[in-house]
Amino acid sequence: MSDLIEEKNSNTELPDLEKITEKILKLFSLSQSPNEAEALAAFSKAQEMLTRHNLSMADLADSTPVEVEEQIIDESQRPSSWKGILLNAVSKANYCLAFKHKDRYSIKQIILGRPVNIQSARMEFEYLVQAVDRLALQVEGGRTFKNAFKLGAAYRLDAHW
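The model shown is predicted, which means the values in this text are computed figures rather than measured ones.

Student: Sorry if this is basic, but what is going on with the overall build of the protein here?
Tutor: When you go through the protein residue by residue, the secondary structure sums to seven helices and three strands. Of the regular secondary structure in the protein, the N- to C-terminal order runs α-α-α-α-β-α-β-β-α-α. The burial tally for the protein puts 34% of its 161 residues in the buried class. Carbon together with sulfur atoms contributes 53% to the accessible area of the protein, which is approximately 10700 Å² in total.

Right under this line is the structure:
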């Protein structure tokens, strides 16, 4: 059992996702053991691997890799540091990757990930941008102070994740 629980790299020719799926399925099988401690350890490790690799039980049934997409989340003429920090935080929390593309006329905030994760990240990002903007309107101070408030809120949310 210990070699199932420890994730050792084997030299088989299976792609990573297939190896991971195989290990998780073996752990779930082992979680049916009559030995309660062994069953609990195997089940806990399987759950941890599902979370770490952003998989669900449905993913185990079909281990073919899901296509990764790229979506433009925000486009503007001027850079907005706080939105970039916020998008990075939300992307990480949703198993995506955020990056910025600058061209001559605009700055695009882009997310790369599975479609379901991108949708979730987009919804969270849009909600948080509206919430931070709304809260910034309520604080006393000029434009510089309000921008500093937004930046602080973005850093705080990033630290939360």
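There's plenty left to go through after this.
Student: Help me understand the nonpolar core in this model?
Tutor: Soluble globular proteins: nonpolar side chains tend toward being buried together. By size, the foremost hydrophobic cluster in this structure holds 17 residues, and its most contacted members are Trp82, Leu86, Leu87, Ile111 and Phe125. Those elements that provide at least two residues to this core are α5 (81-93), α6 (115-138) and α7 (143-160). No other element matches α6, which puts six residues into this core. Ignoring sequence-local partners within four residues, the contact set of Leu86 consists of Phe125, Leu128, Val129, Ala154 and Leu157. Within the second largest apolar cluster, 11 residues are counted, among which are Leu27, Phe28, Leu50 and Leu60.

Student: Is there a simple way to explain unusual backbone geometry in this structure?
Tutor: In most cases, non-glycine residues show a negative phi, while peptide bonds are predominantly trans. With a phi angle near 55°, Asn54 is a residue other than glycine that sits in the positive phi range. When you line up the elements, Asn54 lands in the loop between α3 (36-52) and α4 (57-61). In this model, Tyr95 sits at a positive phi of 60°, which is unusual for a non-glycine residue. Locating Tyr95 in the fold gives a position in the loop between α5 and β2 (97-102). Look at Tyr95 and you get partly exposed, because its relative accessible area is 42%.

Student: Would you mind showing me how to read the packing of α6 against α7 here?
Tutor: Helix-helix packing is described using two parameters, namely the angle between the two axes and the distance between the axes. Between α6 and α7, the least distance of the axes is 9 Å, while the angle of their chain directions is 140°. Here α7 runs oblique to α6, going by the angle between their axes. In this structure, the crossing between α6 and α7 has a hand that is right-handed. Across the interface between the two elements, Leu128, Val132, Asp133, Leu135, Ala136 and Leu137 from α6 touch Lys146, Phe149, Lys150, Ala153 and Leu157 from α7. Residue composition of the contact of α6 with α7, by class: eight nonpolar, no polar and three charged.

Student: Is there a simple way to explain the pairing of strand β3 (residues 107-113) in this structure?
Tutor: Working note: regular strand, side chains alternate between the two faces of the sheet. The element β3 is largely enclosed, with a buried count of six among its seven residues. Where strand β1 (residues 69-76) and β3 come together, seven bridges link them in antiparallel fashion. If you follow Glu69 over to β3, its bridge partner there is Gly113. Two elements, β2 and β3, share six bridges in a ladder whose sense is antiparallel. Looking across to β3, one finds that Ala98 is bridged to Ile111. Between the antiparallel neighbours β2 and β3 lie four residues.

Analysis parameters
Residues numbered from 1 in each chain as written. Predicted model: local features only at pLDDT ≥ 70, side-chain atom pairs only at ≥ 80, totals over all residues. Heavy atoms only, no water. Helix = DSSP H or I, 4+ residues; strand = E, 2+ residues; numbered from the N terminus. Buried < 20%, exposed > 50% of the residue type's maximum accessible area, 1.4 Å probe, protein only. Areas by Shrake-Rupley, 256 points an atom, 1.4 Å probe, with all protein chains shown as cover. Core = buried A, V, L, I, M, F, W, Y, C linked by side-chain atoms within 4.5 Å. Contact = heavy atoms within 4.5 Å. Axes fitted to C-alpha atoms, helices over the stretch in contact; angles between N-to-C directions. Parallel < 35°, antiparallel > 145°, perpendicular 65-115°, else oblique. Left-handed = near helix turned anticlockwise from the far one by under 90°. Nonpolar A, V, L, I, M, F, W, Y, C, P; charged D, E, K, R; others polar. Pairing = 2+ DSSP bridges.

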